[in-house]
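This is what each chain is made of:
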Amino acid sequence: DGTNTRYHIGVSQCSDDEWRHKMNKEMQREALFYDGVQVEFRTAKDNNQYQINDINYFIDRKVDLLIVAPNEAAAITPSVEKAIKKGIPVVVVDRKILSDNYTAFVGADNYKIGSDVGHYIVSRLNGKGNIFEVTGLQGSTPAMERHRGLMDALAGIPNIKRVGSVDGGWLQSQAGEKVDSVLRVHKDIDLLFAQNDRMAIGAYLAARQQGREKEMLFVGVDALPGKDYGLEQVISGVLDATFIYPTGGDKVMQIAMNILEKRPFEKENILSTALVDKTNARVMQLQTDHILEQDGKIEKLNGQIDEFWSRYSAQTMFLYACLVI
Ligand code: FRU
């Protein structure tokens, strides 16, 4: 309720989707373990100018710490540097900026994800075939790094050809529309790699519209648990494989609190990734289901504590009233 707020943390998310929601939820839940932490979320809906406005809003509010997932690196770098100049620590998450002028970074190694995808493709296609790439938003660092990793992994493999690519902007609908036209031109694609699961699903649906979804394999990134997300799509056979892109919201909040409470912290915090295919998707699902259940319990417990406190203070008020009368 803000009455005993010790720290006001601003979170500027570049996008608004299931991956961001999971991360925000993790940050919010982790914040419950500290006293007096207020977390305020804003989302820029994939728009650089909106995100610049959001960061200015937080700077004007004089937040104690900023968490930023930069939409496009070049556009958002000056805003992060502005906050740092004003003395506000900034934790950059998932996507990077163009300088090292930030307090800490938390996120996975996207170059490695791209190169893991490349090695997977080589073995899955036995070293021979045509692949098509659907990239994320061009100016965002995971799009650049996943692409570079992929190309480096395929460099020594002459018979795997990347026959083309489109920018799907990280969005299912944009990827679907573009792949719809791509498929009319390209008649021989063995594997379509989309840089996230949402776009891979969009591509799959476009192929299915044309009755061609069985002609190629679809590979994505994220492996989110939950209805119709990446993990389930591997189990149902829509996706051939995906790679875990950890949201890590709890870790982000721990580092933010270390910074605020002057405890030691690492500047670079790299979260790990892993391949998810039909051999392990089911096991992962059992575990994520269990985690979801535990998360629900933590939230329930927190609700009970809140209720206890409001009842306690109501009773104290009543007692006090009796005394003065
Ligand atoms: C979520 C998302 C993920 C992707 C990541 C890249 O907003 O689009 O699907 O892996 O961002 O930054």
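The sections below set out a description of the structure shown in this document. (Residues numbered from 1 in each chain as written. Predicted model: local features only at pLDDT ≥ 70, side-chain atom pairs only at ≥ 80, totals over all residues. Heavy atoms only, no water.)

### Re the overall build of the protein chain
Across its full length, the protein chain carries 10 helices and 12 strands. In terms of overall dimensions, the protein chain has C-alpha extents of about 85 × 45 × 35 Å along its principal axes. Taken across its 325 residues, the protein chain has 50% of its residues classed as buried. Contacts in the protein chain between residues far apart in sequence, at least 24 positions, make up 74% of those at least 6 positions apart. Roughly 16000 Å² of accessible area belongs to the protein chain as shown, and the carbon and sulfur atoms make up 53% of that amount. One way to put it: in the protein chain the 38 positive side-chain charges average out to a point 1 Å from where the 44 negative ones average out. (Helix = DSSP H or I, 4+ residues; strand = E, 2+ residues; numbered from the N terminus. Buried < 20%, exposed > 50% of the residue type's maximum accessible area, 1.4 Å probe, protein only. Contact = heavy atoms within 4.5 Å. Areas by Shrake-Rupley, 256 points an atom, 1.4 Å probe, with all protein chains shown as cover. Lys, Arg positive; Asp, Glu negative; His and termini not counted. Charge placed at Lys NZ, Arg CZ, Asp CG, Glu CD.)

### Focus on the pattern of salt bridges
This structure, assessed with the given rule, holds 21 salt bridges. In this structure, Asp16 engages Lys45 in a salt bridge whose closest nitrogen and oxygen atoms are separated by 3.8 Å. With Asp16 in the loop between strand E1 (7-13) and helix H1 (18-31) and Lys45 in the loop between strand E2 (37-43) and helix H2 (48-60), the pair connects residues that are 29 residues apart, well separated along the chain. For Arg42, the salt bridge goes to Asp54, with nearest N and O atoms at 3.1 Å. Highlighted residues: Arg42 in strand E2 and Asp54 in helix H2, separated in sequence by 12 residues. In this structure Arg42 comes out as partly exposed when scored by relative accessible area, which is 28%. Residues joined by salt bridges that share partners form a network here, namely Lys25, Arg29, Asp295 and Glu299. (Salt bridge = Lys/Arg side-chain N within 4 Å of Asp/Glu carboxyl O.)

### Notes on the site of the ligand
The environment of the ligand is formed by 13 residues, the closest being Asp17, Arg20, Asp94, Arg95 and Asp222. In this structure, Asp94 approaches the ligand through a side-chain N or O atom, which is 2.8 Å from an oxygen atom. One of the side-chain N or O atoms of Arg95 is found 2.7 Å from an oxygen atom in the ligand. Burial of the ligand by the protein chains amounts to 100% of its free accessible area of 320 Å². Broken down by secondary-structure element, the contributors of at least two residues to the shell around the ligand are H1 and helix H5 (141-154). (Near = heavy atom within 4 Å. Polar contact = N/O pair within 3.5 Å; in protein donor to acceptor, adjacent residues only side chain to side chain.)

### Quick word on the packing of aromatic side chains
As enumerated under the stated definition, the model contains seven aromatic pairs in all. Judged by centre distance (5.2 Å) and plane angle (20°), the rings of Trp19 and Tyr245 are stacked. A residue pair is termed long-range when its members are at least 10 positions apart, and Trp19 in helix H1 and Tyr245 in the loop between strand E10 (241-243) and helix H9 (249-260) qualify at 226 residues. For Trp19, a relative accessible area of 4% translates into the label buried. The interplanar angle of 20° and the centroid separation of 6.2 Å between the aromatic rings of Phe308 and Tyr312 together place this pair among those described as stacked. Here the residue Phe308 and the residue Tyr312 both occupy positions in helix H10 (residues 281-324), the gap between them amounting to four residues, near one helical turn. By relative accessible area, Phe308 is classed as partly exposed at 46%. Among the aromatic residues, ring-to-ring pairing joins Phe308, Trp309 and Tyr312 into one connected group. Taking the ring centre of Tyr57 as reference, the NZ or CZ of Arg42 above it sits at 3.8 Å. Taking NZ or CZ as reference, Lys267 lies 4.5 Å from the ring centre of Tyr102, over its face. (Phe/Tyr/Trp six-rings, centres within 6.5 Å; stacked < 30°, edge-to-face > 60°. Lys NZ or Arg CZ within 6 Å of the ring centre and 35° of its normal.)

### Describing the side chain of Asp240
Within the secondary structure layout, Asp240 lies in the loop between helix H8 (230-235) and E10. Using a relative accessible area of 12% as the deciding quantity, one classes Asp240 as buried. At 2.6 Å, the side chain of Asp240 and the side chain of Tyr120 are in polar contact. Of note is the side chain of Asp240, whose polar atom sits 3.0 Å from the side chain of Arg124. Not counting residues within four places of it along the chain, the set of residues in contact with Asp240 comprises Tyr120, Arg124, Leu217, Phe218, Val219, Val234, Asp277 and Lys278.

### Observations concerning the environment of Leu217
Mapped onto the elements of the fold, Leu217 is located in strand E9 (residues 217-219). Taking the C-alpha atoms as reference points, Leu217 and Lys227, 10 residues apart in sequence, are found 21 Å from one another. When neighbours within four sequence positions are excluded, Leu217 is seen to be in contact with Arg124, Leu125, Asp190, Leu191, Leu192 and Asp240.

### Examining the packing of H1 against H9
Relative to each other, H1 and H9 sit at 45°, their axes nearing to 7 Å. One way to sum up the angle between H1 and H9 is to call them oblique. Considering how the two elements wind past one another, H1 and H9 form a crossing that is right-handed. On the side of H1, the interface is formed by Met23, Glu26, Met27, Glu30 and Ala31, while H9 contributes Gly249, Asp250, Val252, Met253 and Gln254. Among the residues making up the contact of H1 with H9, the classes are represented as five nonpolar, two polar and three charged. (Axes fitted to C-alpha atoms, helices over the stretch in contact; angles between N-to-C directions. Parallel < 35°, antiparallel > 145°, perpendicular 65-115°, else oblique. Left-handed = near helix turned anticlockwise from the far one by under 90°. Nonpolar A, V, L, I, M, F, W, Y, C, P; charged D, E, K, R; others polar.)

Keep in mind that these numbers describe shape and distance, not what the molecule does.
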